[in-house]
Amino acid sequence: MIKYITAGESHGKGLTIIVEGFPTGFPLSEDYIQEDLARRQRGYGRGGRQLIEKDRAELLSGVRHGLTMGSPISMFIPNKDYVNWGKVMATEPVEDPGNTVTRLRAGHADMPGTIKYGISDVRNILERSSARETAARVAAGAVAKRFLQEFGIEVHSHVINIGGVRSKYEHPVDWEKANASEVHCIDPLAEAEMIKIIDKAKEDGDTIGGAVEVVATNVPIGLGSHVHYERKLDARLALALMSIQACKSVAIGEGWEAADLPGSQYHDTLEPIAEDGKAPAGPYPTASGPWHRATNRTGGIEGGMSTGMPLIARFTIKPIATLAKPLPSVDLVTGKTVQAHFERSDVCNVPPAGVIGEAAVAFVLADAFLEKFGGDNIDETSRNFNSYQKTIGPRSWVATDG
Ligand SMILES: Cc1cc2nc3c(=O)[nH]c(=O)nc-3n(C[C@H](O)[C@H](O)[C@H](O)COP(=O)(O)O)c2cc1C
C-alpha cells in the first residue's frame, strides 16, 4: 500500500527520501519529523559524526499548508560533513581523490560488497552500507508515525540490553523516562552499568552491542493476515527490522523464550469481560475491544494478525565492526595481512537503533492499516476504521452484517 525509497551516501551531499501511498489530509511538518531525527542522533556511545550533523529533513513535495496531499512525499537531509568530503565524494571525475580504502573490516559490507560489485576501493561500498542511511529511514518512519497518530496508535522503544547488562522493567513502560536516559533504558541500575560497559569498550578501542524493544500501543485487532506468508504481520516486521544495519535477530514478544516454556505457561489465555466492556485491572488492558489477556507473550500477534494487545518486537544489534583498535585482516589489493580500516565510528549504536526500529515498525503498521482500511482521504480512512471497530466483540454482541 505504501512504500519508501532512500538514496544517498554517508559522506555525499545528503539523503533523499520518497514516501508514497499515504492518504491526503493528515498533518505533517518538518518540525514533527525533526523530533525523531534528533532522537536518532542522541545516545551514549555515539561517535564524532553526530557532533557535526544536525539532521533536518526538508519537505520538498507532497505536503501543502501543513497537510499531506496524497502525492509522493519527498524529503532531503543534507550531510553537513560533505564540506569536508567534497573531493573524495565528488560526482565529477577528480584527480587524486584520496582516502581510498583497501583494508577490509570483518563484520562490515566491505569484503562481499567489493567482490560482488567488482571494485577495488571499499569506499564505494562503505558509503552506502553505512548506517547514515538510517536517518532517511527515520524520516520515512516519522510520516508513518504521524499517520498512525490519527488513530491513537503510538510507537515507542527502549533499550533492554547493552553488552549483556539487562534492563529490569515491566509494562507499561514509561516512555518519557526511556527518552530521558542517555542509553534509552528505564532501569537506572542497568543504565549505570551500561554506561560503564560503553566507557570500558571505548577505553579498550572496542565496541559493544545489545538489544532493543519496540512497542506499539492501540493497534487494532486484525492487521496483517494468516492466509499468505507475505501478508503475515510478524513476517513483515521481521523483514523491516532485520534490514536495519547490524541487526542480527528479531523476536515478536517473548519469541526467544518460546523455546523454553510449555504451552500451558506460554500462551496468552483469553478471558471474558463484563458486558459494560470494562477489562479487569492488569498490565495489558486492551484498547481494541472486549477481550482481555493477562499476559502478552506473543507480543500482540497471533496467526500473522494483530491481537489488539500492545505489539512488541525485540531485536539485537551486534557490536560495531569498525574498531578503534582494529582487528587483524587482509588488504583487498595486496591480499596481505593488515590491520582493518578505522574511520571515525560509534562505540555503541544500540540507543539510536531503537529509534530506527520504531520507524521500521511504524511503516509496517501504517502499511497494514491502510491495507485493511484503505482511503484516499484521511476522513475516508477514519470512517472505515470506525465502522470496523464497531464490529469487534463476541459475535452475539455485535451485528456484523450492517
Ligand atoms: C545507528 C547505527 C549506527 C552505526 N554506526 C556504525 C559505525 O559507526 N561504524 C560501523 O562500522 N558500523 C556502524 N553500524 C553498523 C553497520 O552499518 C553494519 O554493521 C554494516 O552495514 C554491515 O551490516 P550487517 O551488520 O547488518 O551485516 C551502525 C548501525 C546502526 C544501526
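Further up the page is the structure itself.
Not measured: the values here are computed from a predicted model.

Caption draft 1: Examining the overall build of the protein chain more closely. Tallying secondary structure elements over the protein chain gives 11 helices and 17 strands in all. For 402 residues, the compact-globule formula gives about 21 Å, and the C-alpha radius of gyration of the protein chain, at 23 Å, lands near that figure. If you line up the protein chain on its principal axes, its C-alpha atoms span 75 × 50 × 40 Å. For the protein chain, with 402 residues in total, the buried portion stands at 49%. Total accessible area on the protein chain stands at roughly 18900 Å², and carbon and sulfur atoms take up 54% of it. The centroid of the 43 positive side-chain charges in the protein chain is displaced by 3 Å from the centroid of its 51 negative side-chain charges.

Caption draft 2: Highlighting the environment of T68. Mapped onto the elements of the fold, T68 is located in strand β5 (residues 67-68). The exposure class assigned to T68 is buried, which follows from its relative accessible area of 3%. When the C-alpha atoms of T68 and F147 are compared, they prove to be 9.7 Å apart, with 79 residues separating the residues in sequence. Residue contacts for T68: discarding those within four places in its chain leaves P23, T24, G25, F26, L28, G62, V63 and I73.

Caption draft 3: Up close: the sheet that holds strand β2 (residues 14-20). In space, the 4 strands of this open sheet follow the order β1-β2-β6-β3, with antiparallel pairing throughout. Across the chains shown, the open sheet's two edge strands, defined by having one partner strand only, are β1 (3-7) and β3 (58-61). Pairs of neighbouring strands in the sheet enclose a mean axial angle of 20°, with direction left out of account. Here β3 pairs with strand β6 (residues 73-78) via 3 bridges, running antiparallel. What sits directly across from E58, in β6, is F76. On top of the sheet, helix α5 (residues 133-149) reaches β1, β2 and β6; it is set at about 30° to β2, its chief contact.

Caption draft 4: Here's a closer look at the nonpolar core. If you look at the biggest cluster of nonpolar residues, it comprises 79 residues, and the most contacted ones within it are F22, M75, F147 and L365. Take this core: its biggest share by element is 16 residues, from helix α10 (residues 350-373). Non-local contacts of L365, meaning those with residues more than four positions away in its chain, are made with L148, V155, A216, V219, L223, L233 and L311. Counting 6 residues, the second largest nonpolar core, distinct from the first, contains V173, W175, A178 and I186.

Caption draft 5: Layout of the side chain of D110. In this fold, D110 is placed in helix α3 (residues 110-117). Looking at D110, its side chain comes within polar contact range of the side chain of R105, at 2.8 Å. Look past the residues within four positions of D110 in its chain and what remains in contact with it is R103, L104, R105, V122, I125 and L126.

Caption draft 6: Focus on the site of the ligand. Around the ligand sit 18 residues in total, of which S129, K318, T322, S345 and D346 are the nearest. One of the side-chain nitrogen or oxygen atoms of H108 is found 3.4 Å away from an oxygen atom of the ligand. When the ligand sits alone it has 630 Å² of accessible area, and the protein chains cover 86% of it. Class assignment of the residues belonging to the shell around the ligand gives a composition of 6 nonpolar, 7 polar and 5 charged.

Caption draft 7: Structural detail: the packing of aromatic side chains. All told, the structure shown has 13 aromatic pairs when counted by the stated rule. The interplanar angle of 40° and the centroid separation of 4.4 Å between the aromatic rings of F151 and F369 together place this pair among those described as tilted. Here F369 lies in helix α10 and F151 lies in the loop between α5 and β7 (154-162), a separation of 218 residues in the sequence. Relative to F385, the ring of F369 has its centre 5.3 Å away and its plane inclined at 40°; by these criteria the two rings are tilted. With F369 in helix α10 and F385 in helix α11 (residues 378-389), this pair connects stretches of sequence that are 16 residues apart. Per residue, the accessibility class of F369 equals that of F385, and both read buried. Here the aromatic cluster, defined as three or more aromatic residues joined through ring pairs, consists of Y4, F22, F26, F147, F151, F363, F369, F373, F385 and Y388. The positively charged end of K116 is found above the aromatic ring belonging to Y117, 5.3 Å away from the centroid.

Caption draft 8: Fine view of the packing of helix α8 (residues 233-242) against α10. One can describe the packing of α8 onto α10 by two numbers: an axis separation of 9 Å at closest approach and a directional angle of 145°. For α8 against α10, the interelement crossing comes out right-handed. Of the residues in α10, those in contact with L233, R236, L237, A240 and L241 of α8 are G357, A360, V361, V364, L365, D367, A368 and E371. Of the residues contributing to the contact of α8 with α10, the split by class is 9 nonpolar, 1 polar and 3 charged.

The rules we used
Residues numbered from 1 in each chain as written. Predicted model: local features only at pLDDT ≥ 70, side-chain atom pairs only at ≥ 80, totals over all residues. Heavy atoms only, no water. Helix = DSSP H or I, 4+ residues; strand = E, 2+ residues; numbered from the N terminus. Rg over C-alpha atoms; globule rule 2.2 N^0.38 Å. Buried < 20%, exposed > 50% of the residue type's maximum accessible area, 1.4 Å probe, protein only. Areas by Shrake-Rupley, 256 points an atom, 1.4 Å probe, with all protein chains shown as cover. Lys, Arg positive; Asp, Glu negative; His and termini not counted. Charge placed at Lys NZ, Arg CZ, Asp CG, Glu CD. Contact = heavy atoms within 4.5 Å. Pairing = 2+ DSSP bridges. Axes fitted to C-alpha atoms, helices over the stretch in contact; angles between N-to-C directions. Core = buried A, V, L, I, M, F, W, Y, C linked by side-chain atoms within 4.5 Å. Polar contact = N/O pair within 3.5 Å; in protein donor to acceptor, adjacent residues only side chain to side chain. Near = heavy atom within 4 Å. Nonpolar A, V, L, I, M, F, W, Y, C, P; charged D, E, K, R; others polar. Phe/Tyr/Trp six-rings, centres within 6.5 Å; stacked < 30°, edge-to-face > 60°. Lys NZ or Arg CZ within 6 Å of the ring centre and 35° of its normal. Left-handed = near helix turned anticlockwise from the far one by under 90°.

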